Amino acid sequence: MSYIDVEYPADKREFYKLLKEQISLYTASESDLTAVLANASSVIKQAFPESNWVGFYLKDGVELKLGPFQGRPAVTRIGYGLGVCGSAWKRGESIVVEEVECFEGHIACDCNTHSEIVIPIYKDGEFFGVLDMDSVVPAYFSEEDKIGLEGCVGLVLR
Ligand code: SME
């Protein structure tokens, strides 16, 4: 199998099946975490044409540290419970934000961003980091996307 652009929005079940296959193409046979996360962020970014930022923040002690991403430069450190990312860590659950201005404590990295989704990643039951995605379109990410992306993030663990 080789890389193909995953078209969005298609039938969501089919979309996420294909997205997982495409992520696996670059993650299954590579052991280096940076290489895996870099390609995973690229595959996901390509699949969401209205996304303006897709990337990873990884747990580094008591805060999150910026990992591989696609998009404009972003804040490098986020404390536990802060912003959407730190809140997803604290709550231990994914967060879908329809309009970032309405999320108290949201950390702005790109003034064009309207909506955001953050998916926590766990390794052996321990919090590992988050997948963070932004979009210029209000309410771009749905509950279906939350479930679909939760099914994708485990593919990046080494
Ligand atoms: N908006 C995030 C910060 C990271 S940027 O979106 C890339 C937050 O509030 O945690």
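Residues numbered from 1 in each chain as written. Predicted model: local features only at pLDDT ≥ 70, side-chain atom pairs only at ≥ 80, totals over all residues. Heavy atoms only, no water.

Student: How should the overall build of the protein be read in this particular structure?
Tutor: Each helix and strand in the protein was counted, giving four helices and six strands. From first element to last, N terminus to C terminus, the protein shows the α and β order α-α-β-β-β-α-β-β-β-α. Relative to the 2.2 N^0.38 estimate, which gives 15 Å for 158 residues, the radius of gyration of the protein is 14 Å and therefore close to what a compact globule would have. When contacts within the protein are restricted to residue pairs at least 6 apart in sequence, those whose partners lie at least 24 apart make up 51%. For the protein, the exposed surface amounts to about 7,900 Å²; the carbon and sulfur share of it is 49%. Averaged over its 14 positive side-chain charges, the protein has a centre that lies 5 Å from the centre of its 25 negative ones. (Helix = DSSP H or I, 4+ residues; strand = E, 2+ residues; numbered from the N terminus. Rg over C-alpha atoms; globule rule 2.2 N^0.38 Å. Contact = heavy atoms within 4.5 Å. Areas by Shrake-Rupley, 256 points an atom, 1.4 Å probe, with all protein chains shown as cover. Lys, Arg positive; Asp, Glu negative; His and termini not counted. Charge placed at Lys NZ, Arg CZ, Asp CG, Glu CD.)

Student: Mind showing me how you'd approach the pairing of strand β2 (residues 63–71) here?
Tutor: Working note: regular strand, side chains alternate between the two faces of the sheet. Pairing of strand β1 (residues 51–60) with β2 involves seven bridges; the strand directions are antiparallel. Note that in β2 the partner of W53 across the bridge is G71. Adjacent in sequence and paired antiparallel, β1 and β2 are bridged by two residues, among which G61 carries a positive phi angle near 70 degrees. In this structure, β2 lies alongside strand β3 (residues 77–79), joined through three bridges in antiparallel fashion. Bridged to E63 within β3 is G79. If you look at the hairpin formed by β2 and β3, you'll find five residues sitting between the two strands. (Pairing = 2+ DSSP bridges.)

Student: For this particular structure, what's the right way to read the packing of aromatic side chains?
Tutor: Given two aromatic rings, one states the distance between the centres and the angle between the planes to describe the pair. A complete count under the given rule lists eleven aromatic pairs for this structure. Relative to W89, the ring of Y80 has its centre 4.9 Å away and its plane inclined at 85 degrees; by these criteria the two rings are edge-to-face. For W89, a relative accessible area of 11% translates into the label buried. Consider the rings of Y140 and F141, whose centres lie 5.0 Å apart with planes at 70 degrees: the pair is edge-to-face. Like Y140, the residue F141 is buried in the burial classification. These aromatic residues form a ring-pair network of at least three members: F15, Y16, F48, Y140 and F141. (Phe/Tyr/Trp six-rings, centres within 6.5 Å; stacked < 30°, edge-to-face > 60°. Buried < 20%, exposed > 50% of the residue type's maximum accessible area, 1.4 Å probe, protein only.)

Student: Quick question: what am I supposed to make of the environment of I117 here?
Tutor: The topology assignment puts I117 in strand β5 (residues 115–123). Looking at I117, the relative accessible area reads 0%, which means it is buried. When the C-alpha positions of I117 and Q70 are compared, they lie 15 Å apart, and in sequence the two are 47 residues distant. When residues no more than four places from it in sequence are discounted, the contact partners of I117 are I95, V96, L131, D132, M133, F141, D145, K146 and L149.

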